[in-house]
Amino acid sequence: MAMVDFKMTKDGLVLYIKDYTDIVDVLQKIEDKVKAMGNFFAKGDKIMLLVEEHEKHISDIPKIVARVQELGLTISHVLMGSEGKNDVIIRKKVDMVNQGDTRSGTKLVKKNLRSGQSIIHSGDVILVGNLHAGAEIVAGGSVVIFGRCQGTVRAGINEGRESVIIALSFEAPFVQISDLKGTFTEKFNYPVVLHVKAGRIEVGKYDSKIGGIELG
């Protein structure tokens with residue numbers, strides 16, 4: 001099987017990407033594959049995405065999703081699994097939330113994200129709603145949640161450690177900003193900003209008077 005290929009399953013068409021070392025090569029192969037299929041696809045057609053070794057390549061997923069969207073397709077679900085003898089073996093299926101792209105490149109989603117749902121975007125993400133446990137946001141830039149954050153947030157995948165995570169309340173067990181990961185047990189029932197300081201992720205109380213982080 002080629003590094004990038006389409007496989008038909010009982011659940012629909014899957015863009016299957018094998019384990020790789022060069023994301024630039026993968027993005028080019030996706031474009032080549034879609035264009036080689038000519039008129040097989042219509043603009044807006046929905047497909048599913050499966051990348052082998054999903055966690056290993058999590059920082060590349062927004063780039064892959066963005067390239068697929070540039071080619072006129074929509075990813076309905078992100079799958080976790082592997083290639084079987086006769087079919088794709090699916091271990092987990094995550095529902096992609098595709099609403100809310102703005103002209104500025106920010107994704108604005110107005111809904112609660114429940115367990116099993118995910119937002120994957122190459123830029124900043126604004127969620128007007130709650131991020132429930134079992135839901136996930138993967139963003140190239142910063143993430144702002146106008147609600148409760150209980151799920152997993154990965155920010156700064158493209159824009160690095162300057163990215164921040166803001167939430168009206170925070171009780172998520174795990175977050176990631178760029179290459180840094182943090183685990184938390186404390187619950188914060190007030191607005192907070194998660195940011196990088198001295199090589200680690202810190203939680204600061206949002207200071208509404210100055211519109212920033214209370215560092216005291």
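Before reading further, recall that the structure is shown in the block above.
Everything in this summary refers to the structure shown in the same document. (Residues numbered from 1 in each chain as written. Predicted model: local features only at pLDDT ≥ 70, side-chain atom pairs only at ≥ 80, totals over all residues. Heavy atoms only, no water.)

**What to know about helix 2 (residues 61-70)**
An α-helical turn contains 3.6 residues, so a residue and the one three or four places further along point in the same direction. The set of residues buried in helix 2 consists of Ile61, Pro62, Ile64, Val65, Ala66 and Val68. Phi turns positive one or two residues past the end of helix 2, at glycine 72, with a value near 90 degrees. (Buried < 20%, exposed > 50% of the residue type's maximum accessible area, 1.4 Å probe, protein only. Helix = DSSP H or I, 4+ residues; strand = E, 2+ residues; numbered from the N terminus.)

**Comments concerning the side chain of glutamate 52**
Tracing the sequence through the fold places glutamate 52 in the loop between strand 3 (46-51) and helix 2. By relative accessible area, glutamate 52 is classed as buried at 15%. One polar contact links glutamate 52 to tyrosine 16, side chain to side chain, over a distance of 2.6 Å. Of note is the side chain of glutamate 52, whose polar atom sits 3.0 Å from the backbone nitrogen of aspartate 19. Here glutamate 52 is in contact with Tyr16, Ile17, Lys18, Asp19, His57 and Glu83, once residues within four sequence places are set aside. (Polar contact = N/O pair within 3.5 Å; in protein donor to acceptor, adjacent residues only side chain to side chain. Contact = heavy atoms within 4.5 Å.)

**Structural notes on the pattern of salt bridges**
One pass over the full model with this rule turns up 13 salt bridges. The partner of glutamate 202 in a salt bridge is arginine 200, with the nearest N and O atoms 3.3 Å apart. Each of Glu31, Lys35, Arg67 and Glu70 takes part in one network of salt bridges that share partners. (Salt bridge = Lys/Arg side-chain N within 4 Å of Asp/Glu carboxyl O.)

**With respect to the pairing of strand 11 (residues 152-155)**
In the sheet, strand 9 (residues 136-139) pairs with strand 11 via three bridges, with the strands oriented parallel. Within the sheet, the bridge partner assigned to isoleucine 137 lies in strand 11 and is valine 153. Across three bridges, the pairing between strand 11 and strand 13 (residues 174-177) is parallel. Directly across from arginine 154, in strand 13, lies its bridge partner glutamine 176. (Pairing = 2+ DSSP bridges.)

Nothing here speaks to function; it is geometry throughout.
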